[in-house]
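Geometric and topological summary
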Amino acid sequence: MIQVLCDGRLFHLQTKNTSYVFFANPVGRLEHIYYGARVEDPATMLMRHGRPAPASFCVMRKGEYSNMGPDVLPQEYAGFNSGDMRMAALIFKTEDGAAWTDARFVSAKVVTEKRALHGLPSSFVGTKDTDVANLEVTLLDEVGGVEVTLLYSVFADNDVISRSAIVKNVSDKIVRLERAMSAQVDFAGKNHYEMVNFYGSWARERYLDRTPLRHGIQATGSLRGATGHVHSPALILCEPGATETMGETFAFVLEYSGNHFEAAEVDQFDGVRVQIGIHPGLFSWKLNAGESFETPEMFMTRSGEGFGKMSRNLHDFMRSHLIRSPWNGKRRPILVNNWEATYFNFDTQKILDIAKMGAKLNIEMLVLDDGWFGHRDDDKSSLGDWFEFKKKIGDMKDLADGIHALGMKFGLWFEPEMISEDSELYRAHPEWVLCVPNRPRCYGRTQLILDFSRPEVVQHLYDVMAGMIGRAGIDYIKWDMNRNMSDVFSAALPPDQQGEVAHRYILGVYKLNEMLIEAFPNLLIEGCSGGGGRFDAGMMYYLPQIWCSDNTNAMDRLAIQAGTSLIYPVASMGAHVNAQHDVARFIPFETRGNVAMAGTFGYELDLTKLDEKEQETAIRLNKAYHRYHDTISEGDYYRLTDMFHENDVEAWSCAAKDKKQAVLTVVRRTKIGNIKRVPRFTVPGLDPAKHYCLVDDAVEAAKQQVFPGDVLMNYGLWCSELEFRDCASKVYLFEAID
Ligand code: GLA
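Residues numbered from 1 in each chain as written. Predicted model: local features only at pLDDT ≥ 70, side-chain atom pairs only at ≥ 80, totals over all residues. Heavy atoms only, no water.

Summed over all chains, the structure comprises 47 salt bridges. Residue Asp102 pairs with Arg29 through a salt bridge whose shortest N-O separation is 3.8 Å. A residue pair is termed long-range when its members are at least 10 positions apart, and Asp102 in the loop between β5 (90–94) and β6 (104–111) and Arg29 in the loop between β3 (18–24) and β4 (30–37) qualify at 73 residues. For the pair Asp102 and Arg29, a shared accessibility class is recorded, and that class is buried. Of the charged contacts, one joins Asp370 and Arg445 as a salt bridge, the two residues approaching to 3.8 Å between their closest N and O atoms. Taken together, the residues Asp370 in the loop between β22 (365–368) and α4 (390–393) and Arg445 in the loop between α6 (424–428) and β25 (447–449) connect sequence positions 75 residues apart. The class of Arg445 is partly exposed, set by a relative accessible area of 29%. Beyond isolated ion pairs, a larger network of salt bridges with shared partners links Asp84, Arg86, Asp186, Asp267 and Arg273. (Salt bridge = Lys/Arg side-chain N within 4 Å of Asp/Glu carboxyl O. Helix = DSSP H or I, 4+ residues; strand = E, 2+ residues; numbered from the N terminus. Buried < 20%, exposed > 50% of the residue type's maximum accessible area, 1.4 Å probe, protein only.)

Right, let's talk about the domain arrangement of the protein for a bit. Each assigned domain of the protein is listed here: domain 1 (2–321) and domain 2 (649–736). Placing the centre of domain 1 and that of domain 2 at their C-alpha centroids yields a distance of 41 Å. (Domains from an automatic or database assignment.)

So, on to the site of the ligand. Taken together, 13 residues lie around the ligand, and Asp369, Asp370, Lys478, Gly531 and Asp550 are the ones closest in. Taking Trp413, its side chain carries an N or O atom lying 3.0 Å from an oxygen atom of the ligand. Burial of the ligand by the surrounding chains reaches 96%, relative to a free accessible area of 310 Å². (Near = heavy atom within 4 Å. Polar contact = N/O pair within 3.5 Å; in protein donor to acceptor, adjacent residues only side chain to side chain. Areas by Shrake-Rupley, 256 points an atom, 1.4 Å probe, with all protein chains shown as cover.)

Ranked by internal contacts, the top residues of the largest apolar core, which has 199 residues, are Leu237, Phe252, Trp372 and Tyr603. Ranked by residues supplied to this core, first place goes to helix α8 (residues 501–519) with 10 residues. Among residues more than four places away in sequence, those in contact with Tyr603 are Ile334, Leu335, Val336, Asn337, Ile363, His576, Val577, Phe589, Ala618, Leu621 and Asn622. With 20 residues, the next largest nonpolar core counts Ala662, Leu664, Leu712 and Cys719 among its residues. (Core = buried A, V, L, I, M, F, W, Y, C linked by side-chain atoms within 4.5 Å. Contact = heavy atoms within 4.5 Å.)

In this section: unusual backbone geometry. For Asp487, which is not a glycine, the phi torsion comes out positive at approximately 55 degrees. Within the secondary structure, Asp487 sits in the loop between β26 (476–479) and α8. Even without being glycine, Lys659 reaches a positive phi, approximately 65 degrees. Relative to the assigned elements, Lys659 resides in the loop between β33 (649–655) and β34 (661–668).

Attention now moves to the pairing of strand β23 (residues 409–414). Of all 6 residues that make up β23, 5 are buried, and the element is covered over most of its length. Judged from the 4 bridges that link them, β22 and β23 form a sheet pairing that is parallel. Across the sheet, Leu368 pairs through a bridge with Leu412, a residue of β23. (Pairing = 2+ DSSP bridges.)

Let us now look at the packing of helix α10 (residues 554–565) against helix α11 (residues 589–596). The N-to-C vectors of α10 and α11 enclose an angle of 15 degrees; their axes lie 10 Å apart at closest approach. In terms of their interaxial angle, α10 and α11 are classed as roughly parallel. Classified by chirality, the crossing of α11 by α10 is left-handed. Listed contacts from α11 to Ala554, Met555, Arg557, Leu558 and Gln561 of α10 are Thr591, Arg592 and Val595. Residues belonging to the contact of α10 with α11 are distributed by class as follows: 4 nonpolar, 2 polar and 2 charged. (Axes fitted to C-alpha atoms, helices over the stretch in contact; angles between N-to-C directions. Parallel < 35°, antiparallel > 145°, perpendicular 65-115°, else oblique. Left-handed = near helix turned anticlockwise from the far one by under 90°. Nonpolar A, V, L, I, M, F, W, Y, C, P; charged D, E, K, R; others polar.)

So, on to the sheet that holds strand β27 (residues 524–527). The 9 strands lie next to each other as β29-β28-β27-β26-β23-β22-β21-β31-β30, forming an open sheet whose pairing is parallel. Edge positions in the sheet fall to β29 (573–574) and β30 (577–578), since each of these pairs with one other strand and no more. With 2 bridges connecting them, strand β21 (residues 335–337) and strand β31 (residues 602–604) associate as parallel partners. Bridge pairing in β31 places Leu335 opposite Gly602.

Glancing now at the packing of α11 against helix α12 (residues 612–634). One can describe the packing of α11 onto α12 by two numbers: an axis separation of 10 Å at closest approach and a directional angle of 25 degrees. With respect to α12, the axis of α11 lies roughly parallel. Seen along the crossing, α11 lies across α12 with a hand that is right-handed. Of the residues in α12, those in contact with Phe589, Glu590, Arg592, Gly593 and Asn594 of α11 are Glu614, Thr617, Ala618, Arg620 and Leu621. Considering only residue class, the contact of α11 with α12 consists of 3 nonpolar, 3 polar and 4 charged.

Relative to the assigned elements, Glu526 resides in strand β27. A polar side-chain atom of Glu526 sits 3.0 Å from a polar atom in the side chain of Tyr476. Sequence-distant contacts of Glu526, that is, excluding residues within four places in its chain, are made with Leu335, Tyr476, Ile477, Lys478, Trp479, Leu543, Gln545, Ile546, Trp547 and Gly574.

Here we come to the side chain of Arg163. Mapped onto the elements of the fold, Arg163 is located in strand β9 (residues 160–169). Among the polar contacts made by the side chain of Arg163, one reaches the main-chain carbonyl oxygen of Glu76 at a distance of 3.4 Å. Contacts of Arg163, omitting those with residues within four sequence positions, involve Tyr20, Glu76, Leu151, Tyr152, Ser182, Ala183, Gln184, Val185, Pro296, Glu297, Met298 and Met300.

So, on to the environment of Arg669. With respect to the helices, strands and loops of the structure, Arg669 is situated in the loop between β34 and β35 (680–681). Each C-alpha atom, one on Arg669 and one on Glu650, is 7.4 Å from the other, the two residues being 19 residues apart in sequence. Ignoring sequence-local partners within four residues, the contact set of Arg669 consists of Met555, Leu558, Ala559, Glu646, Asn647, Asp648, Glu650, Asp726 and Cys727. Within the local environment of Arg669, its side chain forms a polar contact with the side chain of Glu650, the two groups lying 3.0 Å apart.

Given 3.6 residues per helical turn, the α-helix brings residues three or four places apart onto the same face. For helix α5 (residues 396–405), the full list of buried residues reads Met396, Leu399, Ala400 and Ile403. Seen from one end, α5 has its buried residues packed into an arc of 100 degrees, which puts them on one side. Facing away from the buried side of α5 by over 90 degrees, the exposed positions are Asp398 and Ala405. Close packing links the buried residues of α5 with α3 (348–360), β22, α4, β23 and α7 (455–472). You can read the cap of α5 off the contacts: a side-chain oxygen lies 2.8 Å from the backbone nitrogen of Lys397, and it is on Asp395. (Arc of directions from axis to C-beta.)

Looking now at the sheet that holds strand β37 (residues 705–708). Spatially, the 6 strands line up as an open sheet ordered β32-β33-β34-β39-β36-β37, and their pairing is antiparallel. With partners counted over all chains shown, the strands left at the sheet margins are β32 (636–639) and β37, one partner each. In this sheet, neighbouring strand axes are inclined to one another by 20 degrees on average, regardless of whether the strands run parallel or antiparallel. Where β34 lies against strand β39 (residues 729–736), 7 bridges are found, and the strand directions are antiparallel. Residue pairing in the sheet places Val663 in a bridge with Leu733 of β39. In the packing of α11 onto the sheet, contacts are made with β33, β34 and β39, and the angle to β39 comes to roughly 55 degrees. Here α12 sits on the sheet and contacts β32, β33, β34, β36 (691–695) and β39; the angle it forms with β34, its principal contact strand, is near 85 degrees.

In structure tokens, the structure reads:
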């Protein structure tokens, strides 16, 4: 719900449990007032809002009222070089060379339609009967001739507010945009937060840092051209001591897959300014008279019940209002991918052998990974040549028919944005790569990057990919991207627009996704970038799942998947059972399966090498997938162990929305001698008044254990099966019986 109060100058964005309040003050600065637990009438907040006295050394324009000069004032979208010395949300340069920004309130309107951004991901109302309200606030920098429209949408049921900004040149001269954040949130008079953000690397994605905020700017981001393995486009604030179930937490998440920036600045009066948006490094945008720039959308949530509720708000929001694939909410086919089974060393027979064994084990899709195209037998050639390597796999249609004849779906790997120098495409179009003239080029995995800021490049990729998908009847594609971006320069743009290349590139990536989705609405697309290097809410708008990490070791995956779950829903996390690669630890097949089950679920191994016992386990896991994976992927997700530390035992639990089923998964990392206690875990999200059977197919019906919901929710369950083995795991399935 949106309330507009105080003669149209006080705005109250109210969700089920939160209130977000801001105010157009008498001189037109948009003051942030409050983001916190829900209140009913925020008007009285204005009576005593602000510092008792102006801060010395605050500069302000003549006639500017306030006991809070611009450098102290909490603002919704701060300007630059005009009094507020903290991070600016908006910086632009006018033709006279000035970088001076001060956009003041003009008007606001509540609108019924949720605006969709052009060529960018945007959350949507969706089909569910939800309460979504929208507010558009217009600010104007009169001197520079720049209008800013701040878009707010309130997804009341999810406790989520989405935001973005549209910057329009309303002058008759050229304006150069240097920085345009998607959102800023100023927390004033409320401080001592801690910040949680993501860090990592290839094979070690989305680890968590948690540190007290200190004075100054603390920022993460990416200038890698993509989200990157190192940081994620999200930032979390929490009160000290916040846990999974207690304490105030805030999450800010960017729907963007390119260079991103997320920062918190603690100012001289302990106010905290949060900003998130496109990274201002490697960015500038020329706005001719009348042109607009739309920032990517971000969304934010606040939970008064710790990180668990915060994550569930985000998961629900993304599943209902962001992931638009028709596969969203649907059970995905259990897949086997040949990458870790064969790497480049395969032929038609090998792939069909894996598929045949897959069919026997009730696996539902075979994905043919890297190495099927051009003349690619290693990673040194052929990217860009998306036609089949005939000597290796014959005709793709025949192979696809062969897999389909087994009753399985067929998926194919592409790396659309890349090009090898040793490729027909490069020989035909050397000008299509990103590179700076007269500078040495940087290579990653021997490959170069195609200039996706050029529409003809995007169109070409569409033509060849759509041709293959249509001709062979491909059901799924894995869209990979295997290097960081450097040499950012487009031969197609003039010198004064080179700052646009990185963003235009991402718009090209989104455009190709859009074209493919339009042409093949039921195509299941899985994102990937050397594992989880482009795992973000922007890609999720187009594709429902992303390969979480190239690290498929179940013990290592525990931290990666828990970190990822802080923001992103389980249903989006690509996770597969791998072969026993770990030389230091024996990880039972069952455990590898139970960990992969907390993701989209599939296999990443040579099925033909499974022994009989492993085959039986795979059949059991595949049956279990159909029995309870809907609860894992579509239900409420609860982390039961501390995700900031490695624990001897890790546990998570998922409860179906209708409370008829819950799945508790417990994994023992290491066995220590004479352990203090057998782990006991509660099972949250049940109906306290119902009774639940602990389903064990090995036990006859009359002897199944039945527990009241309130006992499971409060006393919990002793997981004694885990006492004796390293890397042991157990899934406890509860089904309501009344
Ligand atoms: C990346 C992906 C892997 C695999 C290889 C193929 O590293 O993350 O899953 O597809 O590329 O080259």
